[in-house]
Amino acid sequence: MKIRTIVAVTCAAFSIAGPIRAHDREAETVAKKLEAAIPNVPGKSLLALEVDYAPGAASPPHTHAKSAFIYAYVISGAIESKVNDGEKRIYRAGEGWSEPPGATHSISRNASKTRPAKLLAVFVLDTSDNPLTTPLK
């Protein structure tokens, strides 16, 4: 098996049918959409996750895996985000941004208190790098 520890440590719950809670919050769910080893880049994997935010929902501040380059794309609604020392920004459906390896994500939330939002997060990372996200303390 090429993708061992990502599945075992950070994504084991994704094998459950349907969405699961992200960061132990009921208002935010995460569903794995794709997981694959990158065949022409040994030791690297691609993981795509869909994050559904209920109105007003937010992810706790967190960091990402040290090797993870991330592309985030807003599918619907609007997402407020702040990565590292960058400015806080609202991204609307059809917009996206990237995050460097080991990024700190201090803000990640639905920009609306009344409408849901959906985000696709695509991770390219070392196959053995885990955990995928770590809450800030």
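What counts, and where the lines are drawn
- Residues numbered from 1 in each chain as written.
- Predicted model: local features only at pLDDT ≥ 70, side-chain atom pairs only at ≥ 80, totals over all residues.
- Heavy atoms only, no water.
- Helix = DSSP H or I, 4+ residues; strand = E, 2+ residues; numbered from the N terminus.
- Polar contact = N/O pair within 3.5 Å; in protein donor to acceptor, adjacent residues only side chain to side chain.
- Contact = heavy atoms within 4.5 Å.
- Salt bridge = Lys/Arg side-chain N within 4 Å of Asp/Glu carboxyl O.
- Buried < 20%, exposed > 50% of the residue type's maximum accessible area, 1.4 Å probe, protein only.
- Phe/Tyr/Trp six-rings, centres within 6.5 Å; stacked < 30°, edge-to-face > 60°.
- Pairing = 2+ DSSP bridges.
- Axes fitted to C-alpha atoms, helices over the stretch in contact; angles between N-to-C directions.

Peer 1: What exactly am I supposed to notice about the side chain of Ser 59 here?
Peer 2: Relative to the helices and strands, Ser 59 is located in the loop between strand 3 (44-53) and strand 4 (62-64). A distance of 3.1 Å separates the side chain of Ser 59 from the side chain of Tyr 53, its partner in a polar contact.

Peer 1: Would you take a moment to explain the side chain of His 64 for this structure?
Peer 2: One can find His 64 in strand 4. Within the local environment of His 64, its side chain forms a polar contact with the side chain of Glu 99, the two groups lying 3.3 Å apart. Setting aside its immediate chain neighbours within four residues, His 64 contacts Ile 70, Glu 99, Gly 102, Ala 103, His 105, Phe 123, Leu 132 and Thr 133.

Peer 1: Explain the pattern of salt bridges here, please?
Peer 2: Side chains carrying opposite charge are able to pair once their charged atoms draw close together. Throughout the structure, instances matching the rule amount to 7 salt bridges. Across the pair Lys 118 and Glu 50 runs a salt bridge, and its minimum N-O distance is 3.9 Å. Residue Lys 118 is found in strand 10 (residues 117-126), and its partner Glu 50 is found in strand 3; the two are separated by 68 residues along the sequence. According to the relative accessible area criterion, Lys 118 is partly exposed, its value standing at 23%. The exposure class of Glu 50 is buried, given its relative accessible area of 14%. The residue Asp 52 makes a salt bridge to Lys 118 at a minimum N-O spacing of 3.7 Å. Of the two residues, Asp 52 sits in strand 3 while Lys 118 sits in strand 10, which places them 66 residues apart along the sequence.

Peer 1: Could you clarify how one ought to interpret the packing of aromatic side chains in this entry?
Peer 2: Aromatic rings considered in pairs are described by the distance between their centres and by the relative angle of their planes. A complete count under the given rule lists 1 aromatic pair for this structure. An angle of 25 degrees between the planes, with centres 4.1 Å apart, marks the rings of Tyr 91 and Trp 97 as stacked. Of the two residues, Tyr 91 and Trp 97, neither departs from the other in class, the shared state being buried.

Peer 1: I'm lost on unusual backbone geometry in this one. Help?
Peer 2: The general pattern is negative phi for most residues beyond glycine and trans for most peptide bonds. Of note, the bond from Asn 130 into Pro 131 is cis; its omega dihedral lies within 30 degrees of zero at -5 degrees. Structurally, Pro 131 can be placed in the loop between strand 10 and strand 11 (133-135). A positive phi is found at Asn 84, a non-glycine position, where the angle reads about 50 degrees. For Asn 84, the location among the structural elements is in the loop between strand 6 (78-83) and strand 7 (89-92).

Peer 1: What is the right way to read the sheet that holds strand 6 from this model?
Peer 2: Across a sheet, strands are paired by hydrogen bonds formed along the backbone, either parallel or antiparallel in direction. As summarised here, the arrangement of the 5 strands in space is 7-6-9-4-11, forming an open sheet in which the pairing is antiparallel. Since the sheet does not close on itself, it has two edges, and those belong to strand 7 and strand 11, each with one partner. When strand polarity is set aside, the average angle formed by the axes of neighbouring strands in this sheet is 35 degrees. As paired elements, strand 4 and strand 9 (residues 104-110) share 2 bridges and run antiparallel to each other. From the neighbouring strand, His 62 faces strand 9, where its bridge partner is His 105.

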